[in-house]
Amino acid sequence: KAGVTQTPRYLIKTRGQQVTLSCSPISGHRSVSWYQQTPGQGLQFLFEYFSETQRNKGNFPGRFSGRQFSNSRSEMNVSTLELGDSALYLCASSLAGAGEAFFGQGTRLTVV
Amino acid sequence: KNEVEQSPQNLTAQEGEFITINCSYSVGISALHWLQQHPGGGIVSLFMLSSGKKKHGRLIATINIQEKHSSLHITASHPRDSAVYICALSTLIQGAQKLVFGQGTRLTINP
C-alpha cells in the first residue's frame, strides 16, 4: 500500500511569488491535514480537509489556502511568499480525521 | 504557557541504555501521539494512545490521563534510534482531528 506522497520534495521561490504543494493520501483515506514546521515555531497546524471540505483551520494568514479534490488529493497554496514562509510543509492523511495520522516526507520550501 | 511540554529537549546516551522521554499537557485531549522524525524531515507515527500503555518492539508508550502525562521509553537503545521524538495532542473539533505538537526531544545514541 503506497504511503502519503508529497510533491515536490524541494522548492526554491522568490519573495512575492506563489507556490502550490501537492499531497496524495493513502488510498481510502479521506482526511488530509497540512502542517508547517520551522526551527523557531516547531510544527503548527495549517488546515484539515475531509471530503473536499475544510473542517479546521489554524492561525495562519489568508495567504495560506488549500483545497481537496474528489479523489482526496489535496493542494496547498501560498501566495505572496515571504522569507518567513521558508519551512518544511508536511501533510498527513487519516481514514476519517480522527485516529492514526500517516505523514508524508514533506516539501521543503525555501523563499529567497 | 504551552499546552504541551516535552522533556528533555536534548538527550545523549550510550548504546544499550534505557531512554525515557516525557510529555506533559494542560488541556483535554481525545488522544496523544508519539512521532519520530529523522533528518530529512519525514515523520513516522509510533503510537496513538488514549489510555494505558502500548508496546511495539523496543518502544513502550504510557499515558496517565488524570495526571495529563505521557512517557515514551526505548529499551536497549541503538544508534538507529537517533531522531527527534515529538509528542502531539489530538483534539477533535466537529469530528476533525487537530494536532498540537510539542517542541520535540532530540535523541542521540552513541555507539
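The structure under discussion appears in the preceding block.
Residues numbered from 1 in each chain as written. Chains lettered and ligands numbered in written order. Predicted model: local features only at pLDDT ≥ 70, side-chain atom pairs only at ≥ 80, totals over all residues. Heavy atoms only, no water.

K.L.:
Is there a simple way to think about the overall build of chain B in this case?
P.N.:
The helix and strand tally for chain B stands at 0 helices and 11 strands. Relative to the compact-globule value of 13 Å for 111 residues, chain B shows a C-alpha radius of gyration of 14 Å, a close match. Along the three orthogonal principal directions, the C-alpha set of chain B runs to about 45 × 30 × 25 Å. Within chain B, buried positions represent 45% of all 111 residues. Sequence separation of 24 or more characterises 55% of the internal contacts of chain B that already satisfy a separation of 6 or more. Each charge class in chain B can be summarised by its mean position, and for the 9 positive and 6 negative side chains these summaries are 7 Å apart. (Helix = DSSP H or I, 4+ residues; strand = E, 2+ residues; numbered from the N terminus. Rg over C-alpha atoms; globule rule 2.2 N^0.38 Å. Buried < 20%, exposed > 50% of the residue type's maximum accessible area, 1.4 Å probe, protein only. Contact = heavy atoms within 4.5 Å. Lys, Arg positive; Asp, Glu negative; His and termini not counted. Charge placed at Lys NZ, Arg CZ, Asp CG, Glu CD.)

K.L.:
Sorry if this is basic, but what is going on with the state of the cysteines here?
P.N.:
Should the sulfur atoms of two cysteines be covalently bonded, the bond is a disulfide. Overall, the coordinates contain 2 disulfides over all chains when judged by the stated rule. Bridging Cys23(A) to Cys91(A), the disulfide has an S-S length of 1.9 Å. On the sign convention where negative means left-handed, the S-S torsion of about 70° between Cys23(A) and Cys91(A) marks this disulfide as right-handed. Here the residue Cys23(A) occupies a position in strand E3 (residues 19-24), and Cys91(A) occupies one in strand E9 (residues 87-94), the gap between them amounting to 68 residues. Neither Cys23(A) nor Cys91(A) differs from the other in exposure class; each is buried. Each disulfide pairs two cysteine sulfurs, and for Cys23(B) the partner residue is Cys87(B), the sulfurs being separated by 1.9 Å. Taking the sign of the torsion about the S-S bond as the criterion, the disulfide between Cys23(B) and Cys87(B), at about -45°, is left-handed. Of this pair, Cys23(B) sits in strand E3 (residues 19-25) while Cys87(B) sits in strand E9 (residues 83-93), and the two are 64 residues apart along the sequence. With a relative accessible area of 0%, Cys23(B) lands in the buried category. Overall, Cys87(B) belongs to the buried group, its relative accessible area being 0%. (Disulfide = S-S within 2.5 Å.)

K.L.:
Mind showing me how you'd approach the nonpolar core here?
P.N.:
A general feature of soluble globular proteins is that nonpolar side chains tend to end up buried together. The biggest cluster of nonpolar side chains holds 22 residues, and the ones touching the most others in it are Ile19(B), Leu32(B), Trp34(B), Leu46(B), Phe47(B), Leu72(B) and Tyr85(B). Elements with a contribution of two residues or more to this core: E3, strand E4 (31-37), strand E5 (43-49), strand E7 (59-64), strand E8 (69-74), E9 and strand E11 (105-110) of chain B. One finds Cys23(A), Trp34(A), Met76(A) and Val111(A) within the second-largest nonpolar core, a separate group that totals 21 residues. (Core = buried A, V, L, I, M, F, W, Y, C linked by side-chain atoms within 4.5 Å.)

K.L.:
Sorry, what's going on with the environment of Gln9(B) here?
P.N.:
All names here are of chain B. Inspection of the secondary structure assignment puts Gln9 in the loop between strand E1 (4-7) and strand E2 (10-14). Under the relative-accessibility criterion, Gln9 is labelled exposed at 54%. A C-alpha to C-alpha distance of 6.2 Å links Gln9 and Arg106, two positions 97 residues apart in sequence. Ignoring sequence-local partners within four residues, the contact set of Gln9 consists of Gly104, Thr105 and Arg106.

K.L.:
Can you walk me through the layout of surface pockets in this structure?
P.N.:
What the largest pocket holds in volume is close to 630 Å³. Elements that contribute at least two residues to the lining of the largest pocket include exactly strand E4 (31-38), strand E5 (42-50), E9 and strand E11 (107-111) of chain A together with E9 and E11 of chain B. Of the residues belonging to the lining of the largest pocket, the class tally is 10 nonpolar, 14 polar and 2 charged. Counting only elements with at least two residues in the lining of the second largest pocket, the list comes to E5 of chain A together with E1 and strand E10 (96-101) of chain B. Broken down by element, the lining of the second largest pocket gets its largest block of residues, 4 residues, from E10(B). (1 Å grid on protein atoms, 1.4 Å probe; cavity = no way out; pocket = protein on both sides within 12 Å on 5 of 7 lines; lining within 4 Å. Points joined across faces, edges and corners; volume = space filled by probe spheres on them. Nonpolar A, V, L, I, M, F, W, Y, C, P; charged D, E, K, R; others polar.)

K.L.:
Before we go on, may I ask you to explain the packing of aromatic side chains in this structure?
P.N.:
Think of a pair of aromatic rings as described by two things: how far the centres are apart, and how the planes are tilted against each other in angle. In total, this model carries 5 aromatic pairs over all chains according to the counting rule given. Ring geometry for Tyr35(A) and Phe103(A): centres 5.8 Å apart, planes at 40°, overall tilted. Of this pair, Tyr35(A) sits in strand E4 while Phe103(A) sits in strand E10 (residues 102-103), and the two are 68 residues apart along the sequence. The two residues Tyr35(A) and Phe103(A) agree in class, both being buried. Ring geometry for Phe60(A) versus Phe64(A): centroids 5.2 Å apart, planes at 65°, classification edge-to-face. Residue Phe64(A) is classed as buried on the basis of its relative accessible area, which comes to 3%. An aromatic cluster is built from Tyr35(A), Phe45(A), Phe103(A) and Phe101(B), whose rings are joined through pairwise contacts. (Phe/Tyr/Trp six-rings, centres within 6.5 Å; stacked < 30°, edge-to-face > 60°.)

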